[in-house]
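Letter by letter, the chains look like this.
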Amino acid sequence: MIQGIILDLDGVICDTAKFHFEAWKRLAEDYGYSLTEADNEALKGVSRVDSLKFILQKANTTLSSDQFEIDLVRKNQWYLELVQEMDSSFLLDGVADFFEKAISLNIPLALGSASKNANLVLEKVGLLNKFNAIVDANLVVNGKPHPETFLKAAELIQIAPENCMVFEDSASGVQAAVSGKMFVVGIGTQNDLPLANYCIPNLGAFDFNTL
Ligand code: B16
Ligand code: MG
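Residues numbered from 1 in each chain as written. Chains lettered and ligands numbered in written order. Predicted model: local features only at pLDDT ≥ 70, side-chain atom pairs only at ≥ 80, totals over all residues. Heavy atoms only, no water.

Now for the packing of aromatic side chains. For the coordinates displayed, the defined rule picks out nine aromatic pairs. Measuring from ring centre to ring centre gives 5.9 Å for Phe 19 and Phe 90, while their planes differ by 45 degrees; the resulting arrangement is tilted. One end of the pair, Phe 19, is in helix α1 (residues 17–30); the other, Phe 90, is in the loop between α4 (65–83) and α5 (95–104), and 71 residues separate them in sequence. Here a set of aromatic residues connected by ring pairs shows up, and it is made of Phe 98, Phe 99, Phe 131, Phe 167, Phe 206 and Phe 208. (Phe/Tyr/Trp six-rings, centres within 6.5 Å; stacked < 30°, edge-to-face > 60°. Helix = DSSP H or I, 4+ residues; strand = E, 2+ residues; numbered from the N terminus.)

And the structure:
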């Protein structure tokens, strides 16, 4: 029986994936590599450090550890410039109604994101005070696909993992929720997210009667 809901951020609540892509693409150009849409898909839900490692591998280049740190900061600064423009109009379809419905049903809500910028993004889109718990990359040691992010979120809302439903748009995030023994609703297609229990295009398509 589902008693708690855990939501991913980028790609589930708001379309920040396009901002991550823009910032990574700008950085990859410095390495002479043109980031592709397929790379963007692969980078969803992947931590900042692992994303840079992936891009360096694609670009067939390496960086000194100092330059690696510098480039992580450069990418994040470009990303944050784009985030500054955000407001509630950046919420994906159906998100506002989803929150209204879940809160009216008294279902505990947690965030489970791989981002270190989650609090800022939630504040920009006006959802920061709607969560019972927020777990982001600042609070965990092991990022997705490890289940720690979602297990920590379940612990904070005091719901057993098997009674949690996770909404997630990335393959690594779906894997994390499956490893945590949670029910996973994929945001996207079953083709991209074969391990999800089922998929819907956005939170607006979720039917609370199925809980
Ligand atoms: P940051 P999510 C993930 O967030 C993004 O999908 C991924 O593209 C990004 O690299 C990662 O957060 C780290 O983000 O650089 O802001 O710490 O989808 O798990 O909410
Ligand atoms: Mg995501």
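From this point, the narrative continues.
Below, the discussion takes up the domain arrangement of the protein. Along its sequence, the protein is organised into domain 1 (4–15 + 88–210) and domain 2 (17–83). Taking only C-alpha atoms into account, the centre of domain 1 sits 24 Å from that of domain 2. Listed by partner, the interface residues are 14 residues for domain 1 and 13 residues for domain 2. Both sides of the domain 1 and domain 2 interface together cover about 1,200 Å² of buried area, and 51% of this is carbon and sulfur. At the boundary of domain 1 and domain 2, one finds zero salt bridges. In terms of residue count, the dominant contributor to the side of domain 1 that touches domain 2 is helix α6 (residues 118–125) (three residues). Grouping the amino acids of the side of domain 1 that touches domain 2 by side-chain chemistry returns four nonpolar, three polar and seven charged. (Domains from an automatic or database assignment. Contact = heavy atoms within 4.5 Å. Buried area = accessible area lost by both parts, 1.4 Å probe. Salt bridge = Lys/Arg side-chain N within 4 Å of Asp/Glu carboxyl O. Nonpolar A, V, L, I, M, F, W, Y, C, P; charged D, E, K, R; others polar.)

Here we come to the site of ligand 1. Of all residues adjacent to ligand 1, which total 17 residues, the nearest are Val 46, Ser 113, Ser 115, Lys 116 and Asn 117. Contact between ligand 1 and Arg 48: an oxygen atom at 2.8 Å from a side-chain N or O atom of the residue. The contact in question runs from an oxygen atom of ligand 1 to an N or O atom on the backbone of Ala 114, over 2.7 Å. For ligand 1, whose free accessible area comes to 470 Å², the fraction covered by protein is 97%. Looking at the shell around ligand 1 residue by residue, the class counts come to four nonpolar, six polar and seven charged. Taken domain by domain, the shell around ligand 1 gets at least three of its residues from each of domain 1 (4–15 + 88–210) and domain 2 (17–83). (Near = heavy atom within 4 Å. Polar contact = N/O pair within 3.5 Å; in protein donor to acceptor, adjacent residues only side chain to side chain. Areas by Shrake-Rupley, 256 points an atom, 1.4 Å probe, with all protein chains shown as cover.)

Our next topic: the pairing of strand β1 (residues 4–7). Of the two faces of β1, both are covered, the one formed by Gly 4 and Ile 6 as well as the one formed by Ile 5 and Leu 7. Strand direction decides the pairing type here: β1 and strand β2 (residues 109–112), joined by three bridges, are parallel. Across the sheet, the residue bridging to Ile 6 is Ala 110, located in β2. (Buried < 20%, exposed > 50% of the residue type's maximum accessible area, 1.4 Å probe, protein only. Pairing = 2+ DSSP bridges.)

Enumeration over the complete set of coordinates arrives at six salt bridges. Taking the shortest distance from any N to any O, the salt bridge between Asp 30 and Arg 74 comes out at 2.6 Å. With Asp 30 in helix α1 and Arg 74 in helix α4, the pair connects residues that are 44 residues apart, well separated along the chain. Residue classification places Asp 30 among the partly exposed residues on the basis of a relative accessible area of 47%. Given a relative accessible area of 23%, Arg 74 falls into the partly exposed group. Taken together, the shared-partner salt bridges in this structure form one network comprising Asp 8, Lys 144 and Glu 168.

Strands sit in the order β3-β2-β1-β4-β5-β6 across an open sheet of six strands; the sheet is parallel. Strand pairing shows two members of the sheet lacking a second neighbour, β3 (133–135) and β6 (198–200), which therefore form its edges. Within the sheet, the average angular offset between the axes of one strand and its neighbour, ignoring direction, is 25 degrees. The pairing of strand β5 (residues 183–187) with β6 spans three bridges and is parallel. Across the sheet, residue Val 185 finds its bridge partner in β6, namely Tyr 198. (Axes fitted to C-alpha atoms, helices over the stretch in contact; angles between N-to-C directions.)

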